[in-house]
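# Inside the fold
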Amino acid sequence: MYLRRFLITVCAAFFLLTSFSQTHGNIISGQVTDKASRLPIQFATIQILRSADSTLLAGTASDEKGKFNLTGIVAGNYLLVCTYVSHTRYYLPINLTGEQTLNVGNIQLLPLPKNMKEVVVTTTKSTLNTAIDRKVYNVDQDIMAQSGSASDILKNIPSVEVDIDGNVSLRGSDGVLILINGKPSPLMGNNKADVLQQLPANSIERIEVITNPSARFKPDGTSGIINIVMKKNIKSGWNGTVIGNAGNKDRYSGSANLNYKQGKVTAFGSYGYRHESRNRVNTINRQYLDDAGQTSGYYNELNSSPVHPVSNLATLGFEYAINEHNSFGLSGNYSNRKLLKRDVVNKYFYDPNHMLLSQYNRLRYDPESEIEKDGTIFFQHNFAKEDHEVRLELNLSKSDEVEDNHYTNVYNFSLAPSSFDNTLITQKDNQKHLTIDYSNPLSESSKLEIGYDGTIEKIDPVFFGEYFDTGLHKFITDVMKSNKFIYNQDLQAVYGTYQRSYGAFGYSAGIRLEQSFTKANLVTKDSVINNQYFKIYPTLHLAYKLKKGELQLNYSRRVHRPESDDLNPFPEYRDPRNLQAGNPKLLPEIIHSVEFGYKWQDAHFSFVPSLYYRYKEHGFTSIIVALDDSTLLTTKENLSNDQSAGLELIFSAKAGKFFTSNLSSNFFYNTINGTDLGFTNKKSIISMSATFNSTFILAKNTMLQVSSNFRSARLTPQGKTYGTIVFNAGMRQDLLKKKLTVTLTGSDLFKTLKQKTELNTPFLKQLSVGTRDARIIYLGVAYHFGKTTTKKPDEKLQFDNNL
């Protein structure tokens, strides 16, 4: 009922606004080519001048296919001027009457004689490009990128939040699908938080956030998709970069990349190394309650967890253009991540009168490792008609993970001999992913896309527990902590989208048909759980162009599937009194997502407000269950339903070449219905988050950046999490004609980052506070070598362009 009312209201608002909005003006399009070679020219400048006084009214740059598109031009007499480095200028008088779409055809620019001096013109990408349904964050424009991690960069993207443990959420929901180069990766599995904190930001080209993707993309993720695009060669000739960074508290990193592009061959390779030392401190104050609601005891915990992660990342690949219509490529990635944890947990148990009953320390020595290898091969055929193409791509990936826990319990009160136990966790993840994508522009105003998307995945986690028998003086297998669980998932999908525009109005309708087969094999219990389902995921995107902006209304049906850990019922023993287990009966979340937005932009400012609504069926939530008077089990359950609505505001400003700034805020209202879990009342809360970053050009080659992130309190079915705020800053100095770059960055400068959570249940009250190392400082040096070419201009976001 709520979803139906919201859809009716938003649809009415959309069509009312489009009916009474200002005229959108004329659309001028065309293509720029080199008259001698007949090849398209990228980055040509196209300007529209008023004939009467030569006032500049609009301008743009041609894309990689030489195409350009100018919108919002009112009726009148104009002069179109097209220029490009080392080419003659082109002038074309234009007379526009009424509302029309004018295609000026092929503009051919004649190369200047070779004896004339070439003028090199460079432009700089914007750090953040925003549209209604997506954001593109150009990582190389962020000073923090040279020394930071992917997690550090994600914090600067509007509505993306990263907590103290590295967990990523989008618009208040942690159900976000994270892709690498547009594809699923084992790296983004259960340990994606740790991986993102170790993934060097300087190996990333850009990060794309799509909140309501079309049917072409996987429907996974409650709040949308975050796609991390890794760097590869985009320049002609050969070039490369070497980077070194050193930080406080035993932190350092380095990377090198080399690229080559000549004629039909493109080759690229990179290597990155990162070493860190982190110290996490967490306190827990717990109050146990009996059936009558009276205090039955207290528990306090102080956990100090120093961690020493080391990561290596290597990439190698090439692409070859067989001829004008066919090309293929092969690439591979190798990631080796190692981690050493040395936890010391002080545990105190008290009676209802705060008298100490017992105290012991639980020590943990845990060397971890994860190795991921993946390879991708593609073949693409371009038909004679422009943008008419088919692409076949196969990706194979494999990861092996080991977590080797060695525990020691040291009893201080009452005194007793120390005890020892070990838990060895291994997990293998193998994925096969095949896609076939076909695109056909049926006309200048319509486009058809169809394709196939198939994924086969096998996850094989094994838990082996043992304890030390003091009588036998050896370790004995603990059958209660040992288990084997095999999870297989087979997803087969076909999709189709159709795009069409009628003047100012455009739409894109899509549908994705998906068959899912899952098999959970509880090997230890000789039990198999099979599940299969067929789902239809429709999408609809509507757009209406205004004189200086655009309106959009989008809808998509999405899914959030349980991961293998969410389904594995075997408990993982953090310690004898704290267990964690999955739920094999956990159902997938089904999400209905609606978004209504507007984008306004001129030469200096842009403003993108978006109103969104999500209705979730069978929503996931983590709950804590008391197994007895002192032992707790953390598991997952499905909620009856979950609703959230929000308003996202993104404001960008640019003052010439000296100052740019982005301010974004996200206000959302969340209602949780936990009646299926035994809660009698619905819970609601209004929350918000904000991101601010600014760039100052202090001198020609000197840049200063400051940023801040704020997150307000959040609601959980059994309590809440408190708000957080953090401040970062960085400075960059370019030397030797920008071949050498020196950066200085500082994160969490005021030591304000912490994570505070509260639980309030009939049997337990708990307050947990976590902090980490603060005021992290890095000094970095980067050297760029090889041929230097013109950078890409600001990327223009299209209505439904591909990842």
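Basis of the calculations
- Residues numbered from 1 in each chain as written.
- Predicted model: local features only at pLDDT ≥ 70, side-chain atom pairs only at ≥ 80, totals over all residues.
- Heavy atoms only, no water.
- Helix = DSSP H or I, 4+ residues; strand = E, 2+ residues; numbered from the N terminus.
- Buried < 20%, exposed > 50% of the residue type's maximum accessible area, 1.4 Å probe, protein only.
- Contact = heavy atoms within 4.5 Å.
- Areas by Shrake-Rupley, 256 points an atom, 1.4 Å probe, with all protein chains shown as cover.
- Pairing = 2+ DSSP bridges.
- Axes fitted to C-alpha atoms, helices over the stretch in contact; angles between N-to-C directions.
- 1 Å grid on protein atoms, 1.4 Å probe; cavity = no way out; pocket = protein on both sides within 12 Å on 5 of 7 lines; lining within 4 Å.
- Points joined across faces, edges and corners; volume = space filled by probe spheres on them.
- Nonpolar A, V, L, I, M, F, W, Y, C, P; charged D, E, K, R; others polar.
- Phe/Tyr/Trp six-rings, centres within 6.5 Å; stacked < 30°, edge-to-face > 60°.
- Lys NZ or Arg CZ within 6 Å of the ring centre and 35° of its normal.
- Core = buried A, V, L, I, M, F, W, Y, C linked by side-chain atoms within 4.5 Å.

## Concerning the overall build of the protein
- A count of helical and extended segments in the protein gives four helices and 46 strands.
- Here the protein, with 803 residues, has 49% of them falling under the buried criterion.
- In the protein, once contacts between residues fewer than 6 apart in sequence are set aside, the share between residues at least 24 apart is 66%.
- In the form shown here, the protein has an accessible surface area of approximately 36900 Å², with 58% of it arising from carbon and sulfur atoms.

## Details of the pairing of strand S6 (residues 90-96)
- Here seven bridges tie strand S5 (residues 76-83) to S6, and the two strands are oriented antiparallel to one another. Looking at S6, one finds that valine 81 is bridged to tyrosine 91.
- What sits between S5 and S6 in their antiparallel hairpin is a turn of six residues, with serine 86 showing a positive phi close to 65°.

## Considerations on the sheet that holds strand S3 (residues 56-61)
- Taken in spatial order, the four strands make up an open sheet running S3-S2-S5-S6, and their pairing is antiparallel. With one partner strand each, in any of the chains shown, S3 and S6 form the two edges of the open sheet. Mean inter-strand twist for the sheet, computed between neighbouring axes without regard to direction, equals 20°.

## Some remarks on empty space enclosed by the protein
- As enumerated under the stated definition, the model contains seven cavities of 30 Å³ or more in all.
- Each pocket or cavity is described by its volume, and for the second largest cavity that value is around 100 Å³.
- If you trace the second largest cavity, you find it lined by Leu187, Val195, Gln198, Leu199, Pro200, Ser311, Asn312, Leu313, Ser335, Arg337 and Glu370.
- Elements that contribute at least two residues to the lining of the second largest cavity include exactly helix H3 (192-198), strand S19 (295-321) and strand S20 (326-350).
- Sort the elements by how many residues they give to the lining of the second largest cavity and S19 lands first, with three residues.
- Of the residues assigned to the lining of the second largest cavity, the class counts are five nonpolar, four polar and two charged.

## Focus: the packing of aromatic side chains
- If you walk through the whole model with that rule in mind, you get 15 aromatic pairs.
- Between phenylalanine 383 and tyrosine 438 the ring centres are 6.3 Å apart and the planes differ by 80°, which places this aromatic pair in the edge-to-face class. Taken together, the positions of phenylalanine 383 in the loop between strand S21 (356-382) and strand S22 (389-413) and tyrosine 438 in strand S23 (residues 415-443) put the pair 55 residues apart, joining distant regions of the chain.
- For phenylalanine 383, a relative accessible area of 30% corresponds to the partly exposed category.
- Among the aromatic residues, those joined into a ring-pair cluster are Tyr299, Phe349, Tyr360 and Tyr411.
- Cation over ring: arginine 362 sits above tyrosine 407, and NZ or CZ is 3.9 Å from the ring centre.
- Positioned above the aromatic ring of tyrosine 722 is the side chain of lysine 756, whose terminal nitrogen or guanidinium carbon lies 4.4 Å from the ring centre.

## Quick word on the layout of surface pockets
- Computed from the structure, the second largest pocket encloses a volume of approximately 240 Å³.
- Taken together, 17 residues make up the lining of the second largest pocket; nearest its centre are Thr518, Asn531, Leu567, Pro584 and Leu586.
- Here the lining of the second largest pocket takes four residues from strand S28 (residues 527-546), the largest share from any one element.
- Classifying every residue of the lining of the second largest pocket by side-chain character gives 10 nonpolar, four polar and three charged.

## Concerning the sheet that holds strand S7 (residues 101-109)
- The strand order across the open sheet formed by three strands is S4-S1-S7, and the pairing between neighbours is mixed. The strands lining the two open edges of the sheet, one partner per strand, are strand S4 (67-73) and S7. Taking each pair of neighbouring strands and ignoring which way they run, the sheet shows an average axis angle of 20°.
- Summarising the sheet, strand S1 (residues 26-34) and S4 pair through five bridges and their orientation is antiparallel. For isoleucine 28, the partnering residue across the bridge sits in S4 and is leucine 70.

## With respect to the nonpolar core
- Counting 29 residues, the largest nonpolar core has Leu154, Val168 and Ile226 as its most contacted members.
- Those elements that provide at least two residues to this core are helix H2 (150-154), strand S10 (160-162), strand S11 (168-170), strand S12 (176-180), H3, strand S13 (204-210) and strand S14 (224-230).
- Setting aside residues up to four positions removed in sequence, valine 168 forms contacts with Leu154, Val160, Glu161, Val162, Asp174, Val176, Ile178, Leu196 and Ile226.
- Core analysis: the second largest hydrophobic core is formed by 18 residues, Val32, Ala44, Ile46 and Leu96 among them.

None of this, on its own, says anything about what the molecule does.
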